[in-house]
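# Coordinate analysis (summary)
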Amino acid sequence: MVSCSRVLLRKYGDFIDNLRLFTRGGSGGMGYPRLGGEGGKGGDVWVVAHNKMTLKQLKDKYPQKRFVAGEGANSRVSALKGSKGKDCEIPVPLGISITDENGKIIGELNKEKDRILVAEGGLGGKLLTNFLPLKGQKRVIHLDLKLIADIGLVGFPNAGKSSLLSKISHAKPAIADYAFTTLKPELGKIMYNDFKQISVADLPGLIEGAHMNKGMGHKFLKHIERTKQLLFVVDVSGFQLSSQSQYRTAFETILLLSKELELYREELQTKPALLAVNKMDLPDAQDKFHVLMNQLQNPKDFLHLFEKNMIPERTVEFQHIIPISAVTGEGIGELKNCIRKSLDEHTNQENDAYHKKQLLNLRISNTVSYSELPSKNAVTSARIDIT
């Protein structure tokens, strides 16, 4: 009998979030020494962002993963200036980070039609090159997809993230009663009455040790980097991955999630965060929620009960804590309002910080300008008029 998780692996196994490509700019065209004609420059290779593109589509369309631009035209009597070779464009999804073979970042593509030059065409033959053309630049590049979303759902497997996403948005993720439902990122949009839209990413479930690339590991964590805020989703009854794994309470789950983020990249803990305590429809859920709230409000009273390697350097401060049930819909409306409020507040803070920075730069600029002006008592001319 084939397990459900293996079926899902086959179903979602074609999700791709990184690709290695060979690129080469076109060679330049030959010059014409006798008449001083210049060959055309070789075409360039560009990576261009497109909204509806995926790396899977790119790989299927170009299985060889080779992208070579056109050669520049030779100089000839009828056209002494050879025409430029045809550029080559590589279509990629938004949220792509491009690095070279040594891991050096070439650039990022975050908006529709963003473009980055990755391999330049060679010069055409001219006097400077003794009328001989130059070859185009060769470059192996790596495309790394990191989703861009307003909110990233963070939680261990079976916390109910997929069910929650289906409740708050129009996304239709696979939902089942086993742990690893999500094996690829799912994106949804929360629609508000005033037509405001907020994007939410349900990311593959973390497990303990994800920072060391266990489970989905870095495949999951890298996507969190490109979200504005985090929404922790925990089961009010706690979590146990398997019968061989240790049972974790809801409070322990939050500590471990925070620790995994910290160990992968400390900056992730500085993102604004909300907490959705899920499965409030279960028996004794209210009692367990009150216990959790007491632990969150007085964390230092309980941290001594845990192993040191479980405790993050800094505990996450949640802007809002909302009890919900993704099954019955309890608390979903309040959660959507809190998400909206939190994002609006963060945007206002960013705008205020931007305007303050602009004002400071303006003041500094004016101070520099005034300091360059001569003082009233300064001698500005060697000429002395005698009347």
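Residues numbered from 1 in each chain as written. Predicted model: local features only at pLDDT ≥ 70, side-chain atom pairs only at ≥ 80, totals over all residues. Heavy atoms only, no water.

### A closer look at the sheet that holds strand 12 (residues 227-235)
Selection criterion: Strand pairing requires that DSSP identify at least two bridges connecting the strands. By definition, any uninterrupted DSSP run of H or I lasting at least four residues is a helix, any uninterrupted run of E lasting at least two residues is a strand, and each is numbered from the N terminus. Structural elements are reduced to axes, namely lines fitted to C-alpha atoms, with helices fitted over the stretch in contact, and the angle between N-to-C directions of any two is expressed from 0 to 180 degrees.
With mixed pairing, the six strands of this open sheet are ordered in space as 10-11-9-12-13-14. The open sheet terminates on both sides in strands that have one partner only, identified here as strand 10 (186-191) and strand 14 (318-323). The mean inter-strand angle of the sheet, taken between neighbouring strand axes irrespective of direction, is 25 degrees. Direction of pairing for strand 9 (residues 149-154) relative to strand 11 (residues 197-202): parallel, over a ladder of three bridges.

### Focus on the confidence of the model for the protein chain
Condition: pLDDT: the predictor's confidence for each residue, scored from 0 to 100. When checking whether two residues touch, look at their non-hydrogen atoms; a contact exists if any pair is within 4.5 Å.
On average, the protein chain scores 82 in pLDDT, and the residues at 70 or more come to 81%. Of all secondary-structure elements in the protein chain, the lowest mean pLDDT belongs to helix 1 (residues 4-12), at 36, while strand 3 (residues 66-68) reaches the highest, 98. Within the model, the stretch residues 1-13 combines pLDDT values under 50 with 14 contacts to residues more than four positions away or in other chains. Low pLDDT, under 50, characterises residues 375-387; the predicted model gives this stretch one contact beyond four residues in sequence or across chains.

### Focus: the nonpolar core
Generally speaking, soluble globular proteins have nonpolar side chains that are buried together. We count it as follows: Among buried residues, those of type Ala, Val, Leu, Ile, Met, Phe, Trp, Tyr and Cys that are joined through side-chain atoms within 4.5 Å constitute a nonpolar core. Buried means the residue's accessible area, taken with a 1.4 Å probe over protein chains only, is under 20% of the maximum for its type, while exposed means over 50%, and partly exposed covers the values in between.
The biggest cluster of nonpolar side chains holds 61 residues, and the ones touching the most others in it are Leu58, Ile98, Leu143 and Phe232. The element best represented in this core is helix 5 (residues 250-264), accounting for eight residues. Ignoring sequence-local partners within four residues, the contact set of isoleucine 98 consists of Val47, Lys104, Ile105, Ile106, Gly107, Leu109, Ile116, Val118, Ile141, His142 and Leu143. Core analysis: the next-biggest nonpolar cluster, separate from the first, contains 22 residues, Ile151, Leu165, Leu335 and Ile339 among them.

### What to know about the side chain of threonine 227
With respect to the element layout, threonine 227 can be found in strand 12. What threonine 227 contacts, discounting residues up to four positions off in sequence, is Ala149, Asp150, Ile151, Gly152 and Lys271.

### Overview of helix 5
This is how the line gets drawn: To estimate how far a helix should extend, the number of its residues minus one is multiplied by 1.5 Å.
Counted at 1.5 Å a residue, the expected span for helix 5 with its 15 residues is 21 Å, and the 21 Å between its end C-alpha atoms agrees. Taking burial as the measure, the 15 residues of helix 5 include 14 buried ones, the bulk of the element.

### Observations regarding the environment of threonine 129
On the secondary structure map, threonine 129 appears in the loop between strand 7 (115-119) and strand 8 (138-145). In the structure, threonine 129 is positioned 98 residues away from glycine 31 in sequence and 9.0 Å away in space, judged by C-alpha atoms.

### Focus on the sheet that holds strand 1 (residues 18-24)
Taken in spatial order, the five strands of this open sheet run 3-1-8-5-6, and their pairing is mixed. Each edge of the open sheet carries a strand with a single partner, namely strand 3 and strand 6 (105-109). With strand direction ignored, the average angle separating the axes of adjacent strands in the sheet is 25 degrees.

### Topic: the packing of aromatic side chains
For clarity, the cut-off: Any two rings among Phe, Tyr and Trp, with Trp reduced to its six-membered ring, count as a pair given centres within 6.5 Å; such a pair is stacked if its planes are under 30 degrees apart, edge-to-face if over 60, and tilted if neither.
Throughout the structure, instances matching the rule amount to five aromatic pairs. Ring centres of phenylalanine 156 and phenylalanine 239 lie 5.3 Å apart, and the angle between their planes is 20 degrees; on these two criteria the pair is classed as stacked. On the criterion of sequence distance, the pair formed by phenylalanine 156 in the loop between strand 9 and helix 3 (161-168) and phenylalanine 239 in the loop between strand 12 and helix 5 is long-range, its members being 83 residues apart. Phenylalanine 239 shares its class with phenylalanine 156; the two are buried.

### Concerning the environment of histidine 290
Mapped onto the elements, histidine 290 comes out in helix 6 (residues 285-297). Taking the relative accessible area as the measure of exposure, histidine 290 reaches 52% and is therefore exposed. For the pair histidine 290 and valine 236, spaced 54 residues apart in sequence, the C-alpha to C-alpha distance is 10.0 Å.

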